[in-house]
Amino acid sequence: MVDPIKIIDRARLSTAKDPWAAREAWRNHPSFSKMSQLRGMFPGFGIASGLFAIYLAYDHFAGAKEKKH
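Residues numbered from 1 in each chain as written. Predicted model: local features only at pLDDT ≥ 70, side-chain atom pairs only at ≥ 80, totals over all residues. Heavy atoms only, no water.

- As named in an unreviewed UniProt entry, the chain is NADH-ubiquinone oxidoreductase B12 subunit, taken from Coemansia spiralis.
- As stated in UniProt under Function (unreviewed entry), the record for the chain gives "Accessory subunit of the mitochondrial membrane respiratory chain NADH dehydrogenase (Complex I), that is believed not to be involved in catalysis. Complex I functions in the transfer of electrons from NADH to the respiratory chain. The immediate electron acceptor for the enzyme is believed to be ubiquinone."
- You can read under Sequence similarities (unreviewed entry) in the UniProt record for the chain the words "Belongs to the complex I NDUFB3 subunit family." (UniProt positions renumbered as here; feature names shortened; annotations may be inferred.)

Below you can see the structure in the form of structure tokens.
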């Protein structure tokens, strides 16, 4: 969860005398990192892949016994 108070406090404690530091502090938050964004790109993909594999195994072993052309 993003806590804006912590971000603002971190920007105020910054040693840089940049007047825009408080406005740019959110960019350094861990929830905006590349890895965090990649993890959230496909929510549910792992669960869906597992369920599809189970479905394919079920269909292969318990599927129709008749021969298909």
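Next comes the rest of the account.
## Re the packing of aromatic side chains
Phase 1: For the structure on display, the rule yields 2 aromatic pairs.
Phase 2: Judged by centre distance (6.2 Å) and plane angle (50°), the ring pair of F42 and F45 falls under tilted. There is no split in this pair, since F42 and F45 are both exposed. (Phe/Tyr/Trp six-rings, centres within 6.5 Å; stacked < 30°, edge-to-face > 60°. Buried < 20%, exposed > 50% of the residue type's maximum accessible area, 1.4 Å probe, protein only.)

## Some details on a nonpolar patch on the surface
Phase 1: A cluster of nonpolar side chains, contributed by M35, L38, M41, F42 and F45, occupies part of the molecular surface with about 590 Å² of accessible area.
Phase 2: Residue placement: M35 occurs in helix α3 (residues 34-39). (Patch = residues over 30% accessible without salt bridge, like charges linked within 9 Å, V, L, I, M, F, W, Y side chains within 5 Å. Areas by Shrake-Rupley, 256 points an atom, 1.4 Å probe, with all protein chains shown as cover. Salt bridge = Lys/Arg side-chain N within 4 Å of Asp/Glu carboxyl O. Helix = DSSP H or I, 4+ residues; strand = E, 2+ residues; numbered from the N terminus.)

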